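One letter stands for each residue in the lines below.
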Number of protein chains: 2
Amino acid sequence: MPPVRKRTRKIKVGCVEIGGDAPISVQTMCTTRTTDPRATVEQTLALATAGADIVRVTVPDDESADGLAFILWVLSSSQNPPPIIADIHFRHDLALRALDLGVDALRLNPGNIKDADKIRLVAREAKDRGIPIRVGANAGSLHTQFLDKHGGPTPEALVESAMWEVELLELEGFDDIKISVKHSDPYLMIESYRLLSETTDHPLHLGVTEAGTSYAGTVKSSVGIGTLLAEGIGDTIRVSLAADPIEEVKAGKAILQALGIRREGIDIVACPTCGRVEGDVITIAGEVEAALADMKSPIQVAVMGCLVNGPGEARGADVGLALSKNGGTIFRKGQRVREVNSSEMVEALLDEARALAEEEGDRIRLPIVSG
Amino acid sequence: MPPVRKRTRKIKVGCVEIGGDAPISVQTMCTTRTTDPRATVEQTLALATAGADIVRVTVPDDESADGLAFILWVLSSSQNPPPIIADIHFRHDLALRALDLGVDALRLNPGNIKDADKIRLVAREAKDRGIPIRVGANAGSLHTQFLDKHGGPTPEALVESAMWEVELLELEGFDDIKISVKHSDPYLMIESYRLLSETTDHPLHLGVTEAGTSYAGTVKSSVGIGTLLAEGIGDTIRVSLAADPIEEVKAGKAILQALGIRREGIDIVACPTCGRVEGDVITIAGEVEAALADMKSPIQVAVMGCLVNGPGEARGADVGLALSKNGGTIFRKGQRVREVNSSEMVEALLDEARALAEEEGDRIRLPIVSG
């Protein structure tokens, strides 16, 4: 049972709904140069295959806008291309150009396009085309107006900066908006979104910005994004790592999976192999995870090393193996299926998992809970 | 600024305080057999060196109790051995034996020692020796009494099971107690501890049980433990992975670091290298992290690829590098220090970080916030 979500308004980025009762989507961003359309298209499609629901590309200059034109044209003839968001900083004219090119959404940074008239012009053009805008405030690039007022990139400064731009957009009757208030400190990020969520019912895009290298960045993002999702806050997420963006997608999906928000593929419950363990849980769990890596059905497989929590967890999972001396017991949907010896137990567990997936169909379960 | 912690009572496991204003400690558990004292002592000391504040060993039978005797004897002549907790299931006589052997704490599972008289006897013996007990309920081994009443391992069932045993201990005037209510589902774990925290002011030991393999298990634990810590709940933590327990310690420390609860060593803020990036952030961040891996001082180093958030984040960190065309700018404590070219910038950044660590002393900062 996933957390009950705070109800927000719904917007649509290309074919992907965000907010309201829409599934929480996973975003990422290309690391290729937008001036290299071939590499960017390739990466975009690889990210979509890895599970990215939406892909963002940066448009920092005219050459990148030229690249974007080509990228959108190539993607339009691809099978199931993900929606593309243009990331805009400093230059509102590039936002207008991206709209003209047919991008699925814009991201504007209130910290570096400061002219109200320019922002309102972008709002009018986006409104005419029915294209949403993310107002993306970031602790590293806050407008000095808010930094000075709050004495630094505090949660209040981030939220005020974002809401300043939201109100400008709304003055044009534009409300096709999602908002982010990212910070590189996970706890300040949590506090910022908690405050933002109390302030607005626009859908929220969650992320810990500049989270760092793959390991520490995944932990920071799991803590920051996970805490907010567990409190019912957040409609779309992006993990930011200094790593291949495939890692960002993997981490984003793992966070949603951890909270039961998205269930897809194998979920291993395995004990931490204390001195009670009656077999090699680490190896067995690794073998099972690898063998079922391509399975789409949301099957939970328990690999338990002893009799303390073993039978309980093994019974609770879809299929399970509880080890004992010289073998183990296979469970399926709470029922003891059979005793197996050591040499056959991994295959027996895989057989049960595959049989269950077959019976239930290779479906993907996306539980949606709103309130 | 870390989250404000809910105030709990304080207990002491060996030399390690838990609860109240004590730093949040990181625990782990040996995967060696307790019947193999040599391997267990070796692993215990390696875990302590890796940063484990407390180490648990399982005592499932008489041979393990014999091993425990030997382990405690060897550790008593080691330098700074961590406190040792004996993990007890099914047999209260092994709890009594562990107390006699001089263990620093017991863990009892209310799901499998069900006789009130036996539990009260253990409480009296522990009280006489001033040895604390963790009441450790676990979704995989709940007493049928609570499973039946609640229709499964729900948060209510876990909390009731734990509090049933806590009340038995308190009947003996024993209140040297910490409590855990672990679940393999991170959100049910979060809900269980939220309920437990409302129910009691005993210190809480947090963990997602049987979290699985290294990657998914680290994400699940970061989400589960991180959410509770961000809500001010939790006094000691243990990450449970089907992996080398060194990985558990690493993940536990990374979770505390992510929330600013513990600061020790290098913290990299690095941008996710979008198409705007002016240099190889991934490589530079990796090089810096590796070069400073042994540093104890809590130094935050920013490696930023462009001018959007770069200067802001680089200024906010202790030392920073914001890349630009053909080089970058080095920052220290918010001040621009100098411009560097590509060939010298990594060394220049490392020099600044090391100089700062030198000046500030090789100290470890442990911020403690309670309320």
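Not measured: the values here are computed from a predicted model.

Some remarks on the interface of chain A and chain B
Then step 1. Taken together, the contact between chain A and chain B spans 79 residues of the former and 79 residues of the latter.
Then step 2. The junction of chain A with chain B conceals about 5,600 Å² of combined surface from both sides, 58% of it contributed by carbon and sulfur atoms.
Then step 3. Of all residues in chain A, Tyr 187, Glu 210 and Tyr 215 of chain A give up the largest surface area on contact with chain B, accounting jointly for 12% of the area buried on that side.
Then step 4. At the surface where chain A touches chain B, the tally comes to two salt bridges.
Then step 5. Between Asp 267 of chain B and Lys 220 of chain A there is a salt bridge, and its shortest N-O distance comes to 3.0 Å.
Then step 6. Where chain A meets chain B, there are 13 residue pairs in polar contact (both at pLDDT 80 or more).
Then step 7. Secondary structure elements with two or more residues in the side of chain A that touches chain B: α7 (186-199), α8 (214-230), α9 (245-258), β11 (266-270), α10 (281-291) and α11 (310-316) of chain A.
Then step 8. Per element, the largest residue contribution to the side of chain A that touches chain B is nine residues, and it comes from α8 of chain A.

Thoughts on the packing of α8 of chain A against helix α9 (residues 245-258) of chain B
Then step 1. Axis separation between α8 of chain A and α9 of chain B bottoms out at 9 Å; the angle between their running directions is 60°. With respect to α9 of chain B, the element α8 of chain A is oriented oblique. Two packed elements cross with a definite hand, and for α8 of chain A against α9 of chain B that hand is right-handed. Along the contact surface, α8 of chain A presents Tyr 215, Val 219, Lys 220 and Val 223 of chain A, while α9 of chain B presents Glu 247, Lys 250, Ala 251, Ala 254, Ile 255 and Ala 258 of chain B.
Then step 2. Partitioning the contact of α8 of chain A with α9 of chain B into residue classes produces seven nonpolar, no polar and three charged.

A look at the sheet that holds strand β15 (residues 335-341) of chain B
All names here are of chain B.
Then step 1. Strand order in the open sheet made by the five strands is β11-β12-β13-β14-β15, with mixed pairing throughout. Edge positions in the sheet fall to β11 (267-270) and β15, since each has one partner strand and no second. Here the average twist between neighbouring strands, direction ignored, is 20°.
Then step 2. As defined by bridge partners, strand β12 (residues 300-304) adjoins strand β13 (residues 319-324) across four bridges and the pair is classed as parallel. Across the sheet, residue Met 304 finds its bridge partner in β13, namely Ala 322.
Then step 3. Across the sheet, helix α12 (residues 345-360) is in contact with β12, β13, β14 (327-332) and β15; its angle to β14 comes to roughly 5°.

Looking at the relation of the copies chain A and chain B
There are two copies of the chain, and a rotation about an axis plus a shift along that axis relates them.
Then step 1. Rotating chain A by 180° and translating it 0.0 Å along the rotation axis places it on chain B, where the RMSD comes to 0.0 Å. With respect to symmetry, the two chain copies, as superposed, fit the operation of a two-fold axis. Closest approach to the rotation axis within chain A is made by the C-alpha atom of Thr 227 of chain A, at a distance of 2.1 Å.
Then step 2. Both copies present the same face, since 100% of the interface residues in chain A are matched by interface residues at the equivalent positions in chain B.

Things to note about the sheet that holds strand β8 (residues 177-182) of chain B
All names here are of chain B.
Then step 1. A sheet is described by the order of its strands in space; here eight strands give the open sequence β8-β7-β6-β5-β4-β3-β10-β9, paired in parallel fashion. Here the strands that pair on one side only, and so sit at the sheet edges, are β8 and β9 (205-206).
Then step 2. Relative to strand β6 (residues 105-108), strand β5 (residues 84-88) runs parallel, the two sharing four bridges. Each residue of the ladder has a partner; that of Ile 88, found in β6, is Leu 108.
Then step 3. Relative to β8, helix α7 (residues 186-199) is tilted by about 150°, and along the sheet it contacts β8 and β9.
Then step 4. Of the strands in this sheet, β3 (25-29) and β10 (236-238) touch α9, which is tilted by about 160° from β3.

Examining the packing of helix α6 (residues 155-171) of chain A against α7 of chain A
Residue and element names in this part refer to chain A.
Then step 1. One way to put it is that α6 packs onto α7 with a least axis distance of 8 Å and a crossing angle of 45°. Regarding the angle of α6 to α7, the classification is oblique. Considering how the two elements wind past one another, α6 and α7 form a crossing that is right-handed. Residue-level inspection shows Pro 155, Glu 156, Leu 158, Val 159 and Met 163 of α6 in contact with α7, the latter providing Leu 188, Glu 191, Ser 192, Leu 195, Leu 196 and Thr 199.
Then step 2. A per-class count over the contact of α6 with α7 returns seven nonpolar, two polar and two charged.

Considering the nonpolar core
Then step 1. Of all hydrophobic cores here, the largest spans 152 residues; its most connected members are Leu 106, Leu 206 and Leu 229 of chain A together with Leu 106, Leu 206 and Leu 229 of chain B.
Then step 2. For Leu 206 of chain B, the residues in contact, after removing those within four places along its chain, are Lys 182, Met 189, Tyr 193, Ile 225, Leu 228, Leu 229, Ile 233, Gly 234, Thr 236, Ile 237 and Arg 238 of chain B.

Remarks on the side chain of His 89 of chain B
Then step 1. Along the chain, the position of His 89 of chain B falls in the loop between β5 and α3 (92-101).
Then step 2. The class of His 89 of chain B is buried, set by a relative accessible area of 6%.
Then step 3. A polar contact is formed between the side chain of His 89 of chain B and the side chain of Asp 87 of chain B, at a distance of 3.0 Å.
Then step 4. Here Asn 112 of chain B takes part through its side chain, which lies 3.1 Å from a polar atom of the side chain of His 89 of chain B.
Then step 5. Once residues within four sequence positions are removed from consideration, His 89 of chain B is found in contact with Arg 276 and Val 308 of chain A together with Arg 107, Asn 109, Asn 112 and Ile 113 of chain B.

Concerning the environment of Ser 222 of chain A
Then step 1. For Ser 222 of chain A, the location among the structural elements is in helix α8.
Then step 2. Relative accessible area serves as the criterion here: at 0%, Ser 222 of chain A is assigned to the buried category.
Then step 3. Note: C-alpha distance between Ser 222 of chain A and Ala 254 of chain A (32 residues apart in sequence) is 8.6 Å.
Then step 4. In contact with Ser 222 of chain A, not counting residues within four places along its chain, are Thr 227 and Ile 255 of chain A together with Val 219, Ser 222 and Val 223 of chain B.
Then step 5. Only 2.7 Å separates the side chain of Ser 222 of chain A from the backbone oxygen of Thr 218 of chain A, close enough to count as a polar contact.

What counts and what doesn't
Numbering of residues starts from 1 in each chain and follows the order in which that chain's sequence is written. Throughout, the order in which chains and ligands are written sets their labels, letters from A for the former and numbers from 1 for the latter. Local features are withheld for residues below a pLDDT of 70 in this predicted model, meaning they are given only at 70 or higher, and side-chain atom pairs are given and counted only at 80 or more; totals for whole chains, interfaces and linings count all residues. Based on all heavy atoms of the structure, the side-chain values leave hydrogens and waters out of the count. Note on definitions: a residue-residue contact is assigned when non-hydrogen atoms from the two residues lie within 4.5 Å. Buried area: the sum, over both parts, of the accessible surface (1.4 Å probe) that disappears when the two are put together. Salt bridge, as used here: a side-chain nitrogen of Lys or Arg that lies within 4 Å of a carboxyl oxygen of Asp or Glu. Between N or O atoms, a polar contact is any pair within 3.5 Å; within protein, one atom must be a potential hydrogen donor and the other a potential acceptor, and residues adjacent in sequence are included only when both atoms are from side chains. Helical segments are the DSSP runs of H or I of at least four residues, strand segments are the runs of E of at least two, and each set is numbered from the N terminus. Angular values range over 0 to 180 degrees, each being the angle between N-to-C directions of two axes fitted as lines to C-alpha atoms, with helices fitted over their stretch in contact. By the definition adopted for this analysis, an angle is roughly parallel if under 35 degrees, roughly antiparallel if over 145, roughly perpendicular if from 65 to 115, and oblique otherwise. Each crossing gets its handedness from the near helix: less than a right angle anticlockwise from the far helix is left-handed, clockwise is right-handed. Polar here means any residue other than Ala, Val, Leu, Ile, Met, Phe, Trp, Tyr, Cys and Pro, which are nonpolar, and Asp, Glu, Lys and Arg, which are charged; Gly is therefore polar. Strands are treated as partners if at least two bridges between them are detected by DSSP. In this comparison the copies share one frame, found by least squares on the C-alpha atoms of residues holding pLDDT of at least 70 in both. In this text, buried Ala, Val, Leu, Ile, Met, Phe, Trp, Tyr and Cys residues form a nonpolar core when linked through side-chain atoms within 4.5 Å. Only protein chains enter the accessibility calculation, which uses a 1.4 Å probe; a residue is then buried when its area is under 20% of its type maximum, exposed when over 50%, and partly exposed in between.

Treat this as a map of the structure, not an account of what it does.
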